[in-house]
Each structure stands twice: as C-alpha cells, then as structure tokens.
Amino acid sequence: MSHRDTDNDRRSLENGTIERVIATLIEPVPVRPAWRAELLAGIDRDSERPAPVAPTRWSLRPVTAMAAAMGCMMVGATIAALVLGRPQRGPSASDVLTDLTSTMPMPGEQATVSVVRFIFVAPNASRVSVVGDFNRWNPAAMPMRRSAKGGAWLLDIPLSPGRHVYSFSVDGDLAADPAAPQSGDDDFGVPSSVVLVGGKA
Amino acid sequence: MKITRTVFAFLIGSASLTNAGAQQSATLPGGFSSPEGHTQLSPATRQAITQLGDSLRAVHLPDAPIYAKAAEGLLKAADETRILAAVRTLARELGEARESLGGGADESELTAGASALHVGATPATLAQLRETQRSAGGGDRSLAVPLVALVDLLARRVPPPVASAAIDSLVAKRAPPEDFAALRAAVKQDILAGRTPEAAVRARAQGLLHADGRARTP
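Computed from a predicted structure; not experimentally measured. (Residues numbered from 1 in each chain as written. Chains lettered and ligands numbered in written order. Predicted model: local features only at pLDDT ≥ 70, side-chain atom pairs only at ≥ 80, totals over all residues.)

Draft legend 1. The overall build of chain B, seen in detail. Helices and strands together make up the secondary structure of chain B, namely 10 helices and 0 strands. For chain B, the α and β elements follow one another from N to C terminus as α-α-α-α-α-α-α-α-α-α. Relative to all contacts within chain B whose residues are 6 or more apart in sequence, the contacts with residues 24 or more apart total 56%. (Helix = DSSP H or I, 4+ residues; strand = E, 2+ residues; numbered from the N terminus. Contact = placed C-beta atoms within 7 Å.)

Here is the structure:
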C-alpha cells in the first residue's frame, strides 16, 4: 500500500461516506405482520423448552488411571497385611522378655500361638529335648535337632500365650536355660527356666 | 460330674500317651503323665491333687499350674510327699497372688506372682507393683514381665527390698520389656564377675533409669 492510497481513503471519509453507510444500515427492514407473529410464537415455544444439558463425560488420562489403580492396590495390600498376615518370627527362648509381640497364627488354632525357638549348646550331648509344662514334662515329646554347625541344639515350638516353665533334658539330666530367667520355684532341687509368650507387655 | 472329669482326664491322658509314643502308662488328673514311668503317684496323692484343682477352679483360679507342678516333680524324681507339698504351696501362693494383684490378674501374672512370693517377695510388694503400674497409667499392661524379672533377681540372691525397689522404679517409668531383660542379663553378668547381687542391681537399675533417649512404649 502506497502513501497515495492512504490519502484517497482519508478524503473519502471526510466527504461523509461513513455517515451514509450507517444511515443505510439502521434503516428498518419491512417485515410482514404474519412473519413477525410466527417468529414471536416460535421464540415463545423455545423459551418454554428446558435448556439442553451437556452430557458429563468422565475421562482420565492413562497415567492417572494407572497411578490410581496402583494406589488402590497398595492400600489393599497394606490392609491385608495388617489384618491377615502377621510376620512369622522364631524368637529364641533367650529373648523371652524382649519378644512379647511375635505371634503367628497356626493352622486350625483359634487362640494366638507363638513359635518360640529353643536353643541349647551341648556339643558332647547325644540326645537333648525340651521339657516343660507345655508337654507335660515329657522328655520324649520334643526332641531337639543338632544344628549343622557347632554343638547347638535347636527346636521351634508353638506355644500358647502365657508363662511357661521349662528345662532341657540332656542325655537324661535336666538343665536350666542359661539365657532365660529362672523360674524361681525350684521345689525339686533342679532349677527351671521361664518363657513368656505373647500378651500385653 | 466326677465321672465326667475322670473320663476327660482319661481322654487327655490317652492323647498324651499316644503323642509320646505310648511308652508310659502313669497319668495324673488333668492329663499330666509321668514320662519315664518309673514313678507313679498313689491314688491318695492323685485324689488330693484333684481335690486341690477342684478347689482352685471353684474360686476361679487356674488349676493347670498345680498339675504341671506335679508332672515336673515326677520327672525330677521327687517323692510324693514333696510333690504334694509343692502343689499345696503353689495353690496357696496362687491365691495370695490374686489377693495382692487384684481380681483382674491374668494367669501369667498369677503364676509369676506366685513364684515371686515363693522366692521371697511379700504380698505387699506385689500390691505395690500393681499400684505403681496404675499410677503410671499402665493399667492396661500386664505385670508378667516385671514379675518374671523380679523372680529372676530374687533367685539370684538379690535382697528382696532392693530387687523390689528396682523393679518398681522401672514399672513407674513404664519401662519396655527390653529394659527388664537388660536388667536381668546385666545383673547376672555382674554377679558372675564377682559383684554382689545388691550392688549389681542398684548400679544397673540406675543406669537404665537414667538412660536418655530410650523409647518408651505407650
């Protein structure tokens, strides 16, 4: 566009062109009365009709959906772990006072039962077993197994909650657990030990 | 009633013998057997123990501990007089323990309390421990752990007032079970190293009470 074209446009505006265009546009358009009545009736009908509602559309981006699913799975797994699955532990009878919460439900058991690991070091023994109030002090009921290394004898025993008195039967002789509390009530001349299982600390 | 109890005892005893390989035949009321089979209780002794168990149950005290005590005596080759005396003493101590610890005491507390009485604690000591526990806001916790530790200290010849004071202090601070185990183990070590039981307990208890930053279980 040149400077000359710009000057011509400016002169046209100054000659009243704009005023004439505006006057033409605002001049009323002749409308037949029948058309007007039909138009107004149509407007009335439309105003009585309920306004259309745009359908709600739920959508998630794939990343968001996957994150939500993973979150739900984690919450579910946490609840299941808390409610159903308490960890199995094999506490040593040596730690009887420190392990009061390691409970493991046993199949078919209604009450909570804990598995207690009994350990006794007797390298030269040929037969070691655990005797106590949980097996009616029967040396044949719970024989211990020799560990692969060293002279330790081991046995895991499921015990009900409570205080249990026990000893080790070592080749027919009785011995208290050197790592456990003494039972105190040694009425028969041979000391015994105590294991506390479960319950409130 | 007696027939039912006899049948029950027979069934339990039979199961016990089967589990043990059916090697022995001696049984006690309540299902406790003599594993070695060398010593059997006479009918009179069995009856006395059964009556004692009935008496305990009648006052809602556990009777299993006295049958366990009798079985322990059989295994340890004690004579019947000694077994019966031990069983009677235990029954009496169970009753005293409940009087001291209160009617809400569970079986673990009762048996541990009975053991504490057996080795030199007084009923007042047990009652004091319960009171301290309640005052410390630990009324929902069991006293079994402190009582077991107390028995262990007393069995190691710690003077009862010293042992009771140490345990009471830990209960007042709501010490976790680990502290009682630590006290017991440390005192045992000190005694083996030549320290007197009294000095060992005093030093170790003070150490635990003044240990900083230890987690206290609610």
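Following the structure, the description resumes.
Draft legend 2. Main features of helix H4 (residues 80–101) of chain B. Residues and elements named next belong to chain B. For H4, with 22 residues, the first-to-last C-alpha span of 31 Å sits near the 32 Å given by 1.5 Å per residue. Taken together, the buried positions of H4 are Ile83, Leu84, Ala86, Val87, Leu90, Ala91, Glu93, Leu94, Ala97, Arg98, Ser100 and Leu101. Those residues of H4 that are buried lie in contact with helix H2 (43–58), helix H3 (64–75), helix H5 (107–118) and helix H6 (123–135). After H4 finishes, the residue glycine 102 shows a positive phi value of roughly 100°. (Expected span 1.5 Å × (residues − 1). Buried ≥ 20, exposed ≤ 12 C-beta atoms within 10 Å, placed from the backbone.)

Draft legend 3. Quick look at the sheet that holds strand S3 (residues 145–146) of chain A. Residue and element names in this part refer to chain A. Across the sheet, which stays open at both edges, the 3 strands sit in the order S1-S4-S3 with antiparallel pairing between neighbours. One side of each edge strand has no neighbouring strand; the edge strands of this open sheet are strand S1 (114–121) and S3. Of the strand pairs in this sheet, S1 and strand S4 (residues 152–159) are connected by 8 bridges, and their pairing is antiparallel. Looking across to S4, one finds that valine 115 is bridged to proline 158. (Pairing = 2+ DSSP bridges.)

Draft legend 4. Structural context of the packing of helix H7 (residues 144–155) of chain B against helix H9 (residues 177–192) of chain B. All names here are of chain B. At their nearest, the axes of H7 and H9 sit 9 Å apart, and the two run at 5° to each other. By the angle between their directions, the pair H7 and H9 is classed as roughly parallel. Across from Val145, Pro146, Ala149, Asp152 and Leu153 in H7, the residues of H9 making contact are Pro177, Phe180, Leu183, Arg184 and Val187. For the contact of H7 with H9, the residue count by class is 8 nonpolar, no polar and 2 charged. (Axes fitted to C-alpha atoms, helices over the stretch in contact; angles between N-to-C directions. Parallel < 35°, antiparallel > 145°, perpendicular 65-115°, else oblique. Nonpolar A, V, L, I, M, F, W, Y, C, P; charged D, E, K, R; others polar.)

Everything listed here is a matter of coordinates, which is why it stays silent on function.
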